[in-house]
Amino acid sequence: MSAAPYFAGDALRSEQWIPLRTRAIFDFCKWDVQCEDHSVLSPFPLLMEPATALFLNETAEALAREAISAEQEILERPQLIGRLGLPPEIQKKLRMASRANAEFDALRVMRFDFHSTPEGWRISEVNADVPGGFIEASGWNSLFAGEIKGVSAPPSTSERYAQAVREMVGEDGLVALVHATGYSDDRQVMQHLARRFSAHGLRTCLLSPAHLRWMEGHAEIRANFTSGRPDAIVRFFPAEWLPNLGREDSWEGYFERTRVPVSNPGSAILLQTKRFPLVWDALLTDLSTWCRLLPQTVALNDIDIPPDNSWVLKPALGRVGERIGIRGVTLDSDFQKIVGEAQRNPQQWVAQKRFEILPMATPCGEKYPCVGVFTIGGKAAGYYGRIADIPIITQDAQDVAVLIRTTAEGKMA
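Owing to the predicted nature of the structure, the values given are computational and were not obtained by experimental measurement.

What counts as what
- Residues numbered from 1 in each chain as written.
- Predicted model: local features only at pLDDT ≥ 70, side-chain atom pairs only at ≥ 80, totals over all residues.
- Heavy atoms only, no water.
- Helix = DSSP H or I, 4+ residues; strand = E, 2+ residues; numbered from the N terminus.
- Rg over C-alpha atoms; globule rule 2.2 N^0.38 Å.
- Buried < 20%, exposed > 50% of the residue type's maximum accessible area, 1.4 Å probe, protein only.
- Contact = heavy atoms within 4.5 Å.
- Areas by Shrake-Rupley, 256 points an atom, 1.4 Å probe, with all protein chains shown as cover.
- Lys, Arg positive; Asp, Glu negative; His and termini not counted.
- Charge placed at Lys NZ, Arg CZ, Asp CG, Glu CD.
- Axes fitted to C-alpha atoms, helices over the stretch in contact; angles between N-to-C directions.
- Left-handed = near helix turned anticlockwise from the far one by under 90°.
- Nonpolar A, V, L, I, M, F, W, Y, C, P; charged D, E, K, R; others polar.
- Pairing = 2+ DSSP bridges.
- Core = buried A, V, L, I, M, F, W, Y, C linked by side-chain atoms within 4.5 Å.
- Expected span 1.5 Å × (residues − 1).

## Some points on the overall build of the protein
Move 1: For the protein, the helix and strand inventory stands at nine helices and 22 strands.
Move 2: Computed over the C-alpha atoms, the radius of gyration of the protein is 21 Å, within 12% of the 22 Å expected from 2.2 N^0.38 for a compact globule of 413 residues.
Move 3: Its C-alpha atoms put the protein at 55 × 55 × 40 Å along the principal axes.
Move 4: Burial status across the protein gives 59% buried among its 413 residues.
Move 5: Counting contacts in the protein only where the partners sit at least 6 residues apart, residues at least 24 apart contribute 74% of the total.
Move 6: Total accessible area on the protein stands at roughly 17,100 Å², and carbon and sulfur atoms take up 48% of it.
Move 7: The centroid of the 44 positive side-chain charges in the protein is displaced by 2 Å from the centroid of its 51 negative side-chain charges.

Here you go:
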């Protein structure tokens, strides 16, 4: 048994790799397998011991419980919302909002990003609004597991999601898959989920949020290609983008108590913002797991700007590693732009204490891994693995299959 929490497996041979990548495209809608001249998919897996998987699952579940309690308390104390760096229109809605229907919490999806450090595991953030990685946490993990002896795939996140929605709305329920229809990387996720939901006896409809109108807690589909009233809504459209729709009846329902289950409600942005830790000192909620795993996070006026290399600059609502600044890691020209933007808009940024990510030896050289642990309804529901050449996980990181060792082998079949 390895002392490390994970290690890289062998790279697949080309006669295994090419058919596997083809199946990822056609069986699981992983259309973006190539970015310029780089493969998006790693040719080797990340292998994890069962004890490590158990720890990550239990820790993610504790983080999810604490996060939901904190979200509820913030909604009950709207004076805290101004600290979180949210768009004014959303702040206004949240100050008037009440707790989303607790019975719909079974559809709450989060992804906690874990990193191995010399001091143990740390998290960099929670993706609580519209977390990505369903295809990789479901299709890519399961495909890779079939090529290696002595391993098993983690639970399929998409299957768990489909089961949760089916239990909520029943057979033949209509699920609106709301997303930014102009982005193919978003569309592929919705096509993938539509297949999995259909396999569980659900009907699906792929929509832009502009195709919905909210009235008295219900949503009506208003499109020239279909109509109806969905029994559940899966939102894969960032909450901070919703006010850009213009019409309030297209987006205000996400921030109100509804009669239709919404996964995820707009209030999830309270956890998504990187400024979430700035209200911890005012909360009564137990956040002991968060305090143990998330590095110290402070407002910019608490540190010197520009920061030294012990701090990381993060935008409140940045995604996929965009605009993250680390002196000595981020390109100097980009770092200077990030510092300038942070100085102009300090209320929309934070500084987070930097931690050292342990690199991993791989068949393709030294890499920096990140394991995203999904929870659905507060229960652990699969892993999304990524690896990068530098200690920042950005859109340039590769997707890597995360597998659990069942024997001491973990070798290619």
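Once the structure has been displayed, the description carries forward.
## Considering the packing of helix H1 (residues 14–28) against helix H4 (residues 134–145)
Move 1: As a packed pair, H1 and H4 sit with axes 10 Å apart at the nearest point and diverge in direction by 145 degrees. The handedness of the crossing between H1 and H4 comes out as right-handed. Here Trp17, Leu20, Arg21, Arg23, Ala24 and Phe28 of H1 come into contact with H4, specifically with Ile135, Gly139, Trp140, Ser142, Leu143 and Phe144.
Move 2: Of the residues belonging to the contact of H1 with H4, the class tally is eight nonpolar, two polar and two charged.

## Quick look at the pairing of strand E8 (residues 174–179)
Move 1: Burial analysis of E8 places six of its six residues in the buried class, which makes it a mostly covered element.
Move 2: Burial of E8 is two-sided: the residues Leu174, Ala176 and Val178 facing one way and the residues Val175, Leu177 and His179 facing the other way are all buried.
Move 3: Taken together, the five bridges between E8 and strand E9 (residues 203–207) define a ladder with parallel strand orientation. Of the residues in E9, the one forming a bridge with Val178 is Leu207.
Move 4: Bridge count for E8 against strand E13 (residues 232–236) is five bridges, and the pairing is parallel.

## Brief notes about the nonpolar core
Move 1: Phe114, Ile233, Tyr254 and Trp290 are the most contacted members of the largest nonpolar core, which totals 70 residues.
Move 2: Beyond its immediate sequence surroundings of up to four residues, Ile233 is in contact with Ala176, Val178, Leu212, Trp214, Ala219, Tyr254, Val260, Pro261, Val262 and Ser263.

## Describing the sheet that holds strand E16 (residues 311–315)
Move 1: Across the sheet, three strands lie side by side as E15-E17-E16; this open sheet has antiparallel pairing. Edge positions in the open sheet fall to strand E15 (297–298) and E16, since each of these has one partner strand only.
Move 2: Where E16 and strand E17 (residues 349–353) come together, five bridges link them in antiparallel fashion. By the bridge assignment for E17, Trp311 is matched with Lys353.

## Considering unusual backbone geometry
Backbone geometry follows two general trends: most residues other than glycine have a negative phi, and most peptide bonds adopt the trans configuration.
Move 1: Residue Asn264 follows Ser263 across a cis peptide bond; omega there is 10 degrees.
Move 2: Structurally, Asn264 is set in the loop between strand E14 (262–263) and helix H7 (269–272).
Move 3: For the bond running from Ile305 to Pro306, omega is 0 degrees, close enough to zero to count as cis.
Move 4: Position of Pro306 relative to the elements: it lies in the loop between E15 and E16.
Move 5: Phi at Cys29 is positive, roughly 65 degrees, even though this residue is not glycine.
Move 6: Position of Cys29 among the secondary structure elements: in the loop between H1 and strand E2 (34–35).
Move 7: In this model, Asp172 sits at a positive phi of 70 degrees, which is unusual for a non-glycine residue.
Move 8: Counting through the fold element by element, Asp172 comes out in the loop between helix H5 (157–169) and E8.

## Here's the deal with the sheet that holds strand E1 (residues 6–8)
Move 1: On the basis of which strands lie adjacent, the open sheet formed by four strands has the order E1-E4-E22-E7 and mixed pairing. For this open sheet the edge positions go to E1 and strand E7 (151–152), each flanked by a neighbour on one side alone.
Move 2: The sheet contact formed by E1 and strand E4 (residues 46–48) spans three bridges and is antiparallel. Bridge pairing links Tyr6 to Met48 in E4.
Move 3: Packing against the sheet, helix H2 (residues 50–76) makes contact with E4 and strand E22 (402–405), and its axis sits at approximately 85 degrees to E4.
Move 4: On the sheet, H4 packs against E7 and E22 and is oriented at approximately 45 degrees with respect to E22.

## Quick notes on H5
Move 1: Helix length check: H5, at 13 residues, gives a terminal C-alpha distance of 19 Å against a target of 18 Å (1.5 Å per residue), a fit within 8%.
Move 2: Once H5 finishes, Gly170 follows within two positions and takes phi at roughly 85 degrees, a positive value.

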